[in-house]
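Structural overview for review
The residues making up each chain are set out below.
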There are 2 protein chains.
Amino acid sequence: MTANSHHNIRQVLRERIESGEWALGALIPGELALAVEYRCARTTINRALQTLADEGLVVRKRKGGTRVCQMPVRHAKFEIPIVREQVEVIGSKYRHQIMSQQKKTPTASVRTRLRIPDAKKALFMETIHLADERPYAYEERWVNIQAVPKIMDAPLDQISVNEWLVKTVPFSSGDVVFSAVNADKRVAGALESKVGNAIFLVDRTTWLGEEFITTIKLYYRDGYQLYSQL
Amino acid sequence: MTANSHHNIRQVLRERIESGEWALGALIPGELALAVEYRCARTTINRALQTLADEGLVVRKRKGGTRVCQMPVRHAKFEIPIVREQVEVIGSKYRHQIMSQQKKTPTASVRTRLRIPDAKKALFMETIHLADERPYAYEERWVNIQAVPKIMDAPLDQISVNEWLVKTVPFSSGDVVFSAVNADKRVAGALESKVGNAIFLVDRTTWLGEEFITTIKLYYRDGYQLYSQL
DNA sequence: TATTATATTATGTATGCACATATTATAATT
DNA sequence: AATTATAATATGTGCATACATAATATAATA
């Protein structure tokens, strides 16, 4: 790493912005000027500024120059969690248990949401994820067998569906919905919680191209918190 | 945009990965080989691959080469929401109402969490955010007056604290915790909900460098869902 | 055999240059 | 004055080159 790596320049520029030296929305010096100031090539400055633009710290326009973002957007990022890893991170022993597993015809609402033809059956599974033998999360899942026929042969007692899918059908797109729900009898029972308790629910659906892969509802145990840095 | 822009190359490479041409964890051709194949400079390939690495699609190691990520991590991103915008996006009319506003000494737990000296007071506020005159979110907030003295002069009846802070003290870092809680009497009252209902809670603290700026608890009305693409 | 030095290799980075492109400012035209 | 052409400018991009750096493979040594 040379003294003038674009990393260093980027960091210095970031600090000049964050310190308020350049106000919100203000125009900052052009690439050429900065290149002179830092005694480096314009390319290096360009690289640094482009990264800052990717991060949402500055906005760049041809001829218009580079200005500090008016309202820099901070993002909270979450990874698709593999429950096993979540459990192991908190230092607990992970185990999962399949409560039910059957091919059946999804309800109408699930079918339309997942664009599954009426006649087709899908795989429905209920799984309990345990941390130190205590319920950590309760999972309801539909899997599109047409899209992932191999799942019928997967050793789902050893590796959780979650993990098997992530490692087998990667690069899928999807959406996540977080919400809070009151535990009903079924969920409360599965989580050894009480009916009515506030449960953190993650509802996730993933696609491979246009094809539906899986949809899952994850009910976390009482007091679960999803943490993220900004 | 030339035919061989790193954007194009990146996209093509992405597709080769996502199509499964290169399996999970597999080594992909070196930069030089790809440069020959695509008839472009190694620099261009390098640029494309570095971006893919940033995205978490490949892992690169000097001498080791570039391999497809074993378990490509998809991220869910959330912006720090300005409640007004959340409300306006769903097509409702936004209004906020300050329920209380006072300087007072934070409780011990808040003080230690926020690293505020014992003697110092902070600004405590309760705000209701309304969508079409119905409660949308209930906000409890502590603001560090030492860090943001100007807040005492801000027109907080016109612009919400949230928005004023975001636009005045930008570039802060912070953390967010999402969880589900049962509404107590106070929260239920504020949201015109019922005691015990599951409430989606966002707990956010922001810092400017080492200095505490603000901490906020946002209780969203029943049925609120936080949505994100993967 | 085990350890250490050396060479090899793929990626990482900086630079100078040329040209592309979008946007703004200015001049020319109607 | 309004419209249209033209020039100026800041960023965007590609390329060839050179060297840096980390990790590995190979050879030399104890």
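Everything numeric here is computed off the predicted structure, so don't read it as measured data.

1. A short note on the relation of the copies chain A and chain B
Two copies of a chain can be linked by a rotation about an axis combined with a shift along that same axis. Expressed as a screw operation, the relation of chain A to chain B combines 0.1 Å of axial shift with a rotation of 179 degrees, fitting to an RMSD of 0.4 Å. In symmetry terms, the pair is related by a two-fold rotation axis. Comparing contact sets, 98% of the residues at the interface of chain A also lie at the interface in chain B, consistent with an isologous, same-surface contact.

2. Topic: the environment of Arg-67 of chain A
Residue and element names in this part refer to chain A. Note on placement: Arg-67 falls in strand 3 (residues 65-68). Beyond its immediate chain neighbours, meaning those up to four positions away, Arg-67 contacts Gly-25, Ala-26, Leu-27, Ile-28, Val-58 and Val-59. There is a polar contact of 2.7 Å between the side chain of Arg-67 and the backbone oxygen of Gly-25.

3. Considerations on the protein's contact with DNA strand D
In the region of DNA strand D, 24 residues are neighbours, and Arg-60 and Arg-62 of chain A together with Asn-4, Ser-5 and His-6 of chain B sit closest. Take the atoms of DNA strand D that sit within 4 Å of the protein: sugar and phosphate atoms are 74% of them. At a separation of 2.6 Å, a phosphate oxygen of DNA strand D approaches a polar backbone atom of His-6 of chain B. Arg-62 of chain B is positioned with one of its side-chain polar atoms (N or O) 3.3 Å from a base oxygen of DNA strand D. If you list the elements that add at least two residues to the surface near DNA strand D, you get helix 3 (42-55), strand 2 (58-61) and strand 3 of chain A together with helix 1 (6-18) and helix 3 (42-55) of chain B. For the surface near DNA strand D, the residue count by class is three nonpolar, twelve polar and nine charged.

4. Focus: the interface of chain A and chain B
Counting from both sides, the interface comprises 46 residues of chain A and, opposite them, 46 residues of chain B. Buried area between chain A and chain B, both sides added, is near 4,200 Å², and the carbon and sulfur share of it is 65%. Summed over the three residues of chain A that lose the most area to chain B, namely Met-71, Phe-171 and Leu-230 of chain A, the buried surface amounts to 18% of that side. In this structure, the connection of chain A to chain B is made through zero salt bridges.

5. Some points on the protein's contact with DNA strand C
Taken together, 26 residues lie around DNA strand C, and Asn-4 and Ser-5 of chain A together with Arg-42, Arg-60 and Arg-62 of chain B are the ones closest in. Across the atoms of DNA strand C situated within 4 Å of the protein, the share located in sugar and phosphate is 71%. At 3.3 Å, a side-chain N or O of Arg-62 of chain A approaches a base oxygen of DNA strand C. Between DNA strand C and Arg-60 of chain B there is a distance of 2.2 Å, counted from a phosphate oxygen to a side-chain nitrogen or oxygen. Listing elements by their share of the surface near DNA strand C, those giving two or more residues are helix 1 (6-18) and helix 3 of chain A together with helix 3, strand 2 (58-61) and strand 3 (65-68) of chain B. Partitioned by chemical class, the residues of the surface near DNA strand C number three nonpolar, twelve polar and eleven charged.

6. Quick notes on unusual backbone geometry
Residue and element names in this part refer to chain A. The residue Asp-132 is not glycine, and still its phi comes out positive at about 50 degrees. Residue position: Asp-132 is located in the loop between strand 6 (122-131) and strand 7 (134-143). Note on Asp-132: relative accessible area 45%, which makes it partly exposed. With a phi angle near 65 degrees, Glu-133 is a residue other than glycine that sits in the positive phi range. Inspection of the secondary structure assignment puts Glu-133 in the loop between strand 6 and strand 7.

7. So, the confidence of the model for chain A
Of the residues in chain A, 98% reach a pLDDT of 70 or more, and the chain-wide mean stands at 90. Least confident of the elements in chain A is strand 4 (residues 75-79) of chain A, whose mean pLDDT is 75; most confident is helix 7 (residues 185-191) of chain A, at 97.

8. Section: the packing of aromatic side chains
Taken as a whole, this structure holds 18 aromatic pairs over all chains when the rule is applied. Between Phe-178 of chain B and Phe-200 of chain B, the aromatic rings sit 5.8 Å apart at their centres with planes inclined by 40 degrees, giving tilted as the arrangement. With a gap of 22 residues between them, Phe-178 of chain B in strand 8 (residues 173-182) and Phe-200 of chain B in strand 9 (residues 198-208) connect regions that are remote in the sequence. By the burial criterion, Phe-178 of chain B is buried, and Phe-200 of chain B matches it. Ring plane angle 10 degrees and centroid distance 3.8 Å describe the contact between Tyr-220 of chain B and Tyr-224 of chain B, whose orientation is recorded as stacked. Tyr-224 of chain B carries the same exposure label as Tyr-220 of chain B, and that label is buried. An aromatic cluster is built from Tyr-136, Phe-178, Phe-200, Tyr-220 and Tyr-224 of chain A together with Tyr-136, Phe-178, Phe-200, Tyr-220 and Tyr-224 of chain B, whose rings are joined through pairwise contacts. Note that Lys-104 of chain A overlies the ring of Phe-124 of chain A, its terminal NZ or CZ placed 4.5 Å from the centroid.

9. Remarks on the packing of helix 1 of chain B against helix 3 of chain B
Residues and elements named next belong to chain B. The interhelical angle for the contact between helix 1 and helix 3, taken along N-to-C directions, is 55 degrees, at an axis separation of 8 Å. Here helix 3 runs oblique to helix 1, going by the angle between their axes. For the pair helix 1 and helix 3, the crossing hand works out as right-handed. Contact with helix 1, carried on its side by His-6, Ile-9, Arg-10, Leu-13, Arg-14 and Ile-17, involves Thr-44, Ile-45, Arg-47, Ala-48, Leu-49, Thr-51, Leu-52 and Glu-55 of helix 3 and no other residues of that element. Looking at the contact of helix 1 with helix 3 residue by residue, the classes come out as seven nonpolar, three polar and four charged.

10. Notes on the domain arrangement of chain A
Domain assignment breaks chain A into domain 1 (6-68) and domain 2 (83-220). On a C-alpha basis, the centroid separation for the pair domain 1 of chain A and domain 2 of chain A is 45 Å.

11. A few points about the environment of Ile-145 of chain A
Note on placement: Ile-145 of chain A falls in the loop between strand 7 and helix 6 (161-168). Not counting residues up to four positions away in its chain, the partners in contact with Ile-145 of chain A are Lys-103, Lys-121, Ala-122, Leu-123 and Met-152 of chain A.

12. Describing the pattern of salt bridges
Following the criterion strictly, the structure yields 30 salt bridges over all chains and no others. Here Lys-93 of chain B ties to Glu-133 of chain B by a salt bridge, and the two come within 3.9 Å at their closest N and O atoms. Placement of the pair is Lys-93 of chain B in the loop between helix 4 (83-89) and strand 5 (94-104) and Glu-133 of chain B in the loop between strand 6 (122-131) and strand 7 (134-143), with a sequence separation of 40 residues. Lys-93 of chain B sits in the exposed class, given a relative accessible area of 52%. A relative accessible area of 43% means that Glu-133 of chain B is categorised as partly exposed. Salt bridges here are not isolated pairs; linked through shared partners, they connect Arg-10, Arg-14 and Glu-55 of chain A.

Thresholds, definitions, all that
Residues numbered from 1 in each chain as written. Chains lettered and ligands numbered in written order. Predicted model: local features only at pLDDT ≥ 70, side-chain atom pairs only at ≥ 80, totals over all residues. Heavy atoms only, no water. Least-squares fit on C-alpha atoms with pLDDT ≥ 70 in both. Contact = heavy atoms within 4.5 Å. Helix = DSSP H or I, 4+ residues; strand = E, 2+ residues; numbered from the N terminus. Polar contact = N/O pair within 3.5 Å; in protein donor to acceptor, adjacent residues only side chain to side chain. Near = heavy atom within 4 Å. Nonpolar A, V, L, I, M, F, W, Y, C, P; charged D, E, K, R; others polar. Buried area = accessible area lost by both parts, 1.4 Å probe. Salt bridge = Lys/Arg side-chain N within 4 Å of Asp/Glu carboxyl O. Buried < 20%, exposed > 50% of the residue type's maximum accessible area, 1.4 Å probe, protein only. pLDDT = per-residue confidence, 0-100. Phe/Tyr/Trp six-rings, centres within 6.5 Å; stacked < 30°, edge-to-face > 60°. Lys NZ or Arg CZ within 6 Å of the ring centre and 35° of its normal. Axes fitted to C-alpha atoms, helices over the stretch in contact; angles between N-to-C directions. Parallel < 35°, antiparallel > 145°, perpendicular 65-115°, else oblique. Left-handed = near helix turned anticlockwise from the far one by under 90°. Domains from an automatic or database assignment.

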